[in-house]
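Each chain, written out:
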Amino acid sequence: MSTIEVRKITKKFGEFVAVRDADLSVAAGEVVCLLGPSGCGKTTTLRMIAGLERATAGDVVIAGQRMNDLSPEKRNIAMVFQFYALYPALTVGQNIAMPLHHEGIGTAEIAVRVNKVADILHLSDVLDRLPGQVSEGEKQRVAVARAIVRDPNCFLFDEPLSRLDVELRHSMRGQIKAVLSNLSKATVIVTHDQLEALTMADRIAIMRDGLIEQVGSPHEVFARPANIFVASFIGTPQMNLIEAEFKGYGNGKATVTFDQQDVDLSVNPAVANLRPGRVTVGVRPRAFSVVPEDTADTIDAMAELIEPMGAETLIHARTKTGSDIRVVVPRDKKVKTGEALYLVPDPAQTHIFAEDGKAVRV
Ligand code: ATP
């Protein structure tokens, strides 16, 4: 069974801890993206799974077998790197066939397998061309074809699309996802591009400073971020994170003060258990209703900059004491610079983060 289990894995480079106590399980047929800012430990985690880096502590278990002491070749993993190197003097077909030659498979069987993956990845028409005679997108697909032509235990991809232009990335994301969904293999993809993770992953593991901060489906990490870091990292435009003073909870509403405004917010009832003190209120830019009048439930601000974004408009607003609030409204909602905005956050999309940065919820 193609599965990957990473158990309490740690990697130190000298005194520096690049990955700390990471736990991750990837089921057969599941795609998990490791997502996070540069230097957070994504590639190091992937390299430990592949056996290219030795874990300082913890275990890597692939297809039920502990792999810590096995070399990369013995782990039977297919890996696609950001800088995939194709042999320039070999045709596309010969490039795809290369791993099979290494395994000593017969010529007839090789031809069958190469034709099959070429078909899956729409490369049948270019099999006889040299890498220099195909497009970047086709080269990328050759790298993927070369990885899947064997029958590996699992797939690892390290920023597989980062060299492609925006349009090609968009179409390749869908194509790779479609190919992977038919292969029933555990797959880990490293990316720093949230759109790539949100569209390709069944689950996303969000990393920061060597720690896995949250693992969840794309919807979970977007709708129920575990902490301020995840909330700020996922979603564009970024979630508003408003520092406030929590005063108390009653009648399903939390009273918070920020910028000298007392606002009654409908929030998760777990907030009732919170002691009065500093909190961060998180509201996504698309989660505000703009209402006509100032009430006890509104956050009051003034529109400062209007940015058309096609079907929607991004408003940069400012509260009385200078906090920025981003609000996205449909394009037909006309707002002018200098206009007062009375904003009511959608309770289902209003998050309260306690002083330690963790989301407060039942
Ligand atoms: P990026 O998106 O920039 O590739 P990443 O999340 O993949 O980043 P890693 O490459 O895993 O990050 O690196 C994690 C940390 O470990 C970084 O601070 C990096 O400088 C450090 N690091 C990685 N390899 C080594 C090494 N061989 N020796 C010392 N430090 C290393």
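These numbers come from a predicted model, not from an experiment.

*Asks:* What's the story with the pattern of salt bridges in this structure? I'm lost.
*Replies:* Side chains bearing opposite charge may pair, as long as their charged atoms lie close to each other. With the rule as written, the count across this model stands at 20 salt bridges. Residues Glu136 and Lys139 are paired through a salt bridge, measuring 3.0 Å at the closest nitrogen-oxygen approach. Remark: Lys139 and Glu136 occur in helix α4 (residues 136–148); sequence separation between them is 3 residues, near one turn of the helix. A single salt-bridge network, built from bridges that share partners, covers Arg54, Asp59, Arg66 and Asp69.

*Asks:* Looking at this structure, I do not really get the pairing of strand β19 (residues 340–345). What am I missing?
*Replies:* Consecutive side chains of a regular strand alternate in pointing toward one face of the sheet and then the other. Covered by surrounding structure in β19 are Leu341, Leu343 and Pro345 only, the residues Ala340, Tyr342 and Val344 on the alternate face being uncovered. Note that strand β15 (residues 288–291) and β19 share 4 bridges and pair antiparallel. Its bridge partner lying in β19, Ser289 is registered against Val344. Across 4 bridges, the pairing between strand β16 (residues 299–309) and β19 is antiparallel. Its bridge partner being in β19, Asp300 is matched across the sheet by Tyr342.

*Asks:* Which parts of the structure should I look at to understand the sheet that holds strand β14 (residues 277–283)?
*Replies:* Think of a sheet as strands paired side by side through backbone hydrogen bonds, with each pair either parallel or antiparallel. Read across the sheet, 5 strands follow the order β13-β12-β11-β14-β20 without closing on themselves; strand pairing throughout is antiparallel. Both outer strands of the open sheet, β13 (261–266) and β20 (350–353), are each paired with one neighbouring strand and no more. Direction aside, the axes of adjacent strands within the sheet are offset by 40° on average.

*Asks:* What exactly am I supposed to notice about unusual backbone geometry here?
*Replies:* Leave glycine aside and you will find that most residues have negative phi; peptide bonds, for their part, are mostly trans. Residue Thr236 is joined to Pro237 through a cis peptide bond whose omega torsion reads -10°. With respect to the element layout, Pro237 can be found in the loop between α8 (228–233) and β11 (240–250). You will see that Asn76, though not glycine, has its phi angle at about 50°, which is positive. Although it is not a glycine, Ser184 adopts a positive phi angle of roughly 55°.

*Asks:* How do you make sense of the packing of aromatic side chains when you look at a structure like this?
*Replies:* Any aromatic ring pair is given by two values, namely how distant the centres are and how the planes are angled relative to each other. Per the stated rule, a full pass over the model turns up 2 aromatic pairs. With 6.3 Å between their ring centres and 55° between their planes, Phe155 and Phe157 make a pair best called tilted. Both residues of the pair, Phe155 and Phe157, belong to the buried class. Taking the centre distance of 5.5 Å and the plane angle of 20° together, the rings of Phe229 and Phe233 count as stacked. Of this pair, Phe229 and Phe233 both sit in helix α8, 4 residues apart, which is roughly one turn of the helix. Phe229 gets classed as buried once you look at its relative accessible area, which sits at 14%. On the basis of relative accessible area, Phe233 is assigned to the buried category, the value being 19%. The side chain of Arg284 reaches across the aromatic face of Phe222, ending 4.0 Å from its centre.

*Asks:* Mind showing me how you'd approach the site of the ligand here?
*Replies:* Close contacts around the ligand come from Phe13, Phe16, Ala18, Pro37, Ser38, Gly39, Cys40, Gly41, Lys42, Thr43 and Thr44, and that covers them all. With respect to the ligand, the side chain of Lys42 contributes an N or O atom lying 2.9 Å from an oxygen atom. At 2.5 Å, a side-chain N or O of Thr44 approaches an oxygen atom of the ligand. Surface burial for the ligand is 58%, taken as the share of its 630 Å² of free accessible area covered by protein chains. At the level of elements, β2 (16–26) and α1 (42–50) are the ones that each hand at least two residues to the shell around the ligand. Here the residues of the shell around the ligand are counted per class, giving 5 nonpolar, 5 polar and 1 charged.

Cut-offs and rules
- Residues numbered from 1 in each chain as written.
- Predicted model: local features only at pLDDT ≥ 70, side-chain atom pairs only at ≥ 80, totals over all residues.
- Heavy atoms only, no water.
- Salt bridge = Lys/Arg side-chain N within 4 Å of Asp/Glu carboxyl O.
- Helix = DSSP H or I, 4+ residues; strand = E, 2+ residues; numbered from the N terminus.
- Buried < 20%, exposed > 50% of the residue type's maximum accessible area, 1.4 Å probe, protein only.
- Pairing = 2+ DSSP bridges.
- Axes fitted to C-alpha atoms, helices over the stretch in contact; angles between N-to-C directions.
- Phe/Tyr/Trp six-rings, centres within 6.5 Å; stacked < 30°, edge-to-face > 60°.
- Lys NZ or Arg CZ within 6 Å of the ring centre and 35° of its normal.
- Near = heavy atom within 4 Å.
- Polar contact = N/O pair within 3.5 Å; in protein donor to acceptor, adjacent residues only side chain to side chain.
- Areas by Shrake-Rupley, 256 points an atom, 1.4 Å probe, with all protein chains shown as cover.
- Nonpolar A, V, L, I, M, F, W, Y, C, P; charged D, E, K, R; others polar.

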